[in-house]
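Summary of structural features
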Amino acid sequence: MRTQATVTVTSHATSTPRRRRLAVLGAALVLATTAAPAMAATATTTATGTATAADAHGHGHGRDAHRGEVVSVSLLDRIPQATAAQQVHDRGYAGETAVPRYGVDHYRVVYRTVDAQGRPTTASGLLSLPENDRRELPVVAYEHGTMASKGEAPSGVPGEKEAPGVRADSVLFAGAGYATVAPDYLGLGSGPGLHPYGHLPSEVTASVDLLRAARTAVHDQGRRLERGVHVTGFSQGGVAAMGLGRALQQGADPHFTLAGLAPVSGPYDSQHAEAPAGLEKGTLHGKNTNFLFAYWLTAMNRTYHLYKDPSEVFQAPYAATMESLFDGTHDSGQIFAALPDTPQQLFTPHLVDWALHPTGELLRAYQESDTGCTGWHPRIPVRLFAARGDKDVAYENALSCTRSLRAADADVTLTDVGDIEHSPSRRAALPEALAWFRGQGK
């Protein structure tokens, strides 16, 4: 069966030759996948001389042969420097470091990857490029925080209104001169199916494969992506950033290497830090704990088969609605309105006890996603950011991650950004992460 790649490029009076070349790249992808899809993975070049994903990244054998192949590239927006500065300001970023130097071009990239079971699928992500003349671009991978609706993802959903502000995180880095990739993750944005929320292995594969696709997408502009990738992310994305950093250092892709790692406010240790804080100690916001843990349970059940009937883990009347609430069509506001105030009202005693003393598949679900900070020795300095006042993600997560990395003799610094809540920790930390990445390049 043929899969046709598409490209959408909006006509613009100030279109540059470089932007027009990206349009040609999209047309070449259409030609390659429509006229000769079987050859697209093995041909040396496209009609414009651009290496295909398979050739560019050394893939060509087995079930992973097409991982990172571009399906489509669509121009979403061109933002002049003044607009970029306003968006960053409106997102809450302040200080000289946060002021963009350049305008930014946003692209939606749809690409081939694998799902949580390792089966071929597609995903989407945002590629944000600075409007400058630099041919070889430094790279930032930005991993976003929790979102329940497909349309809230960085690249959005075609035909739907964009989620306000979410792209400003990418603008912060792209406006500073970095080619910025922000994966939507599986099942969000234009990706099929449901999002396996909190599943670190698939967050990593989706991120690595977007980097590969982005490398292809910029090639025909006469630009290249540097080998070193600076990795950051917030909340859910903090964990994804740790996992991506580990994967890059361990050679997940033959081109990219790990150049910087600065995660923010991630639940790195759900088993020993996050679950006890939310379900036992009550030191986190009850409704937020309900949102995050219910989202995680319903998502992990599809991979680890934690329950046969929702009533095993959710109290009535909520058992009848939880799985439908997290179907990718409801935003966080709609879900919060349907949740009770405390975990004791939402979860069964059996579930609470099991979550605090996990066995079987629940233990495996914890263990396979709580590995970002464990079992490896980063060869570069790591900068962690967290807020001691965070009532969504317990500060103990950052302490646990720091202990694990130091036990592996890593050079790690934990910066406490203050007695502030979860979202303000992102606003405080990301400009510092950007400043640190800039300093590494000097």
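To keep things clear, this report deals only with the structure shown in the data block. (Residues numbered from 1 in each chain as written. Predicted model: local features only at pLDDT ≥ 70, side-chain atom pairs only at ≥ 80, totals over all residues. Heavy atoms only, no water.)

1. Side note on unusual backbone geometry
Following A316, the chain continues into P317 via a peptide bond in cis, with omega recorded as 0°. Checked against the element boundaries, P317 lands in the loop between helix 8 (286–304) and helix 9 (322–325). For Y185, which is not glycine, the phi dihedral falls at a positive 80°. Mapped onto the fold, Y185 is located in the loop between strand 6 (179–183) and helix 5 (200–219). Within the chain, H305 stands out as a residue other than glycine whose phi angle is a positive 55°. With respect to the helices and strands, H305 occurs in the loop between helix 8 and helix 9. We classify H305 as exposed; its relative accessible area is 62%. (Helix = DSSP H or I, 4+ residues; strand = E, 2+ residues; numbered from the N terminus. Buried < 20%, exposed > 50% of the residue type's maximum accessible area, 1.4 Å probe, protein only.)

2. Some details on the packing of helix 7 (residues 270–281) against helix 12 (residues 349–356)
It is the contact of helix 7 with helix 12, at a shortest axis distance of 9 Å, that shows an interaxial angle of 145°. By crossing handedness, the relation of helix 7 to helix 12 is classed as left-handed. Between helix 7 and helix 12, the residues in contact are A275, P276, L279 and E280 and V352, A355 and L356, respectively. Residue composition of the contact of helix 7 with helix 12, by class: six nonpolar, no polar and one charged. (Axes fitted to C-alpha atoms, helices over the stretch in contact; angles between N-to-C directions. Left-handed = near helix turned anticlockwise from the far one by under 90°. Contact = heavy atoms within 4.5 Å. Nonpolar A, V, L, I, M, F, W, Y, C, P; charged D, E, K, R; others polar.)

3. Examining the pairing of strand 2 (residues 70–79)
Of all ten residues in strand 2, eight are buried, a share of seventy percent or more. Pairing analysis gives eight bridges linking strand 2 to strand 3 (residues 104–114), with the strands arranged antiparallel. Residue pairing in the sheet places S74 in a bridge with R108 of strand 3. (Pairing = 2+ DSSP bridges.)

4. Observations regarding the nonpolar core
If you look at soluble globular proteins, the nonpolar side chains tend to sit buried side by side. The biggest cluster of nonpolar side chains holds 47 residues, and the ones touching the most others in it are L127, V231, M242 and L405. With ten residues, helix 5 is the single largest residue contributor to this core. The contact partners of L405, leaving out residues within four places of it in the chain, are M242, C373, W376, P378, V382, A410 and V412. (Core = buried A, V, L, I, M, F, W, Y, C linked by side-chain atoms within 4.5 Å.)

5. A closer look at the state of the cysteines
Formally, a disulfide is one covalent bond, and it connects the sulfur atom of one cysteine to the sulfur atom of another. Under the criterion given, the structure shown has one disulfide. Disulfide partner of C373: C401, at an S-S distance of 2.1 Å. Between C373 and C401, the S-S torsion sits near -90°, and that sign places the bridge as left-handed. Of this pair, C373 sits in the loop between helix 13 (360–369) and strand 9 (382–386) while C401 sits in helix 14 (residues 396–407), and the two are 28 residues apart along the sequence. In this structure C373 comes out as buried when scored by relative accessible area, which is 4%. Among the residues examined, C401 registers a relative accessible area of 1% and is labelled buried. (Disulfide = S-S within 2.5 Å.)

6. Quick word on the packing of aromatic side chains
Counted under the stated rule, the structure contains twelve aromatic pairs. Both rings, one in Y307 and one in F314, keep their centres 6.5 Å apart while their planes meet at 80°; by these two values the pair is edge-to-face. Side by side, Y307 and F314 carry an identical accessibility label, which is buried. Put simply, the rings of F293, W296, Y307, F314, F347 and Y366 touch in pairs and so form one group of aromatic residues. Its guanidinium or amino end placed over the ring of F234, R426 lies 5.9 Å from that ring's centre, counting from NZ or CZ. (Phe/Tyr/Trp six-rings, centres within 6.5 Å; stacked < 30°, edge-to-face > 60°. Lys NZ or Arg CZ within 6 Å of the ring centre and 35° of its normal.)

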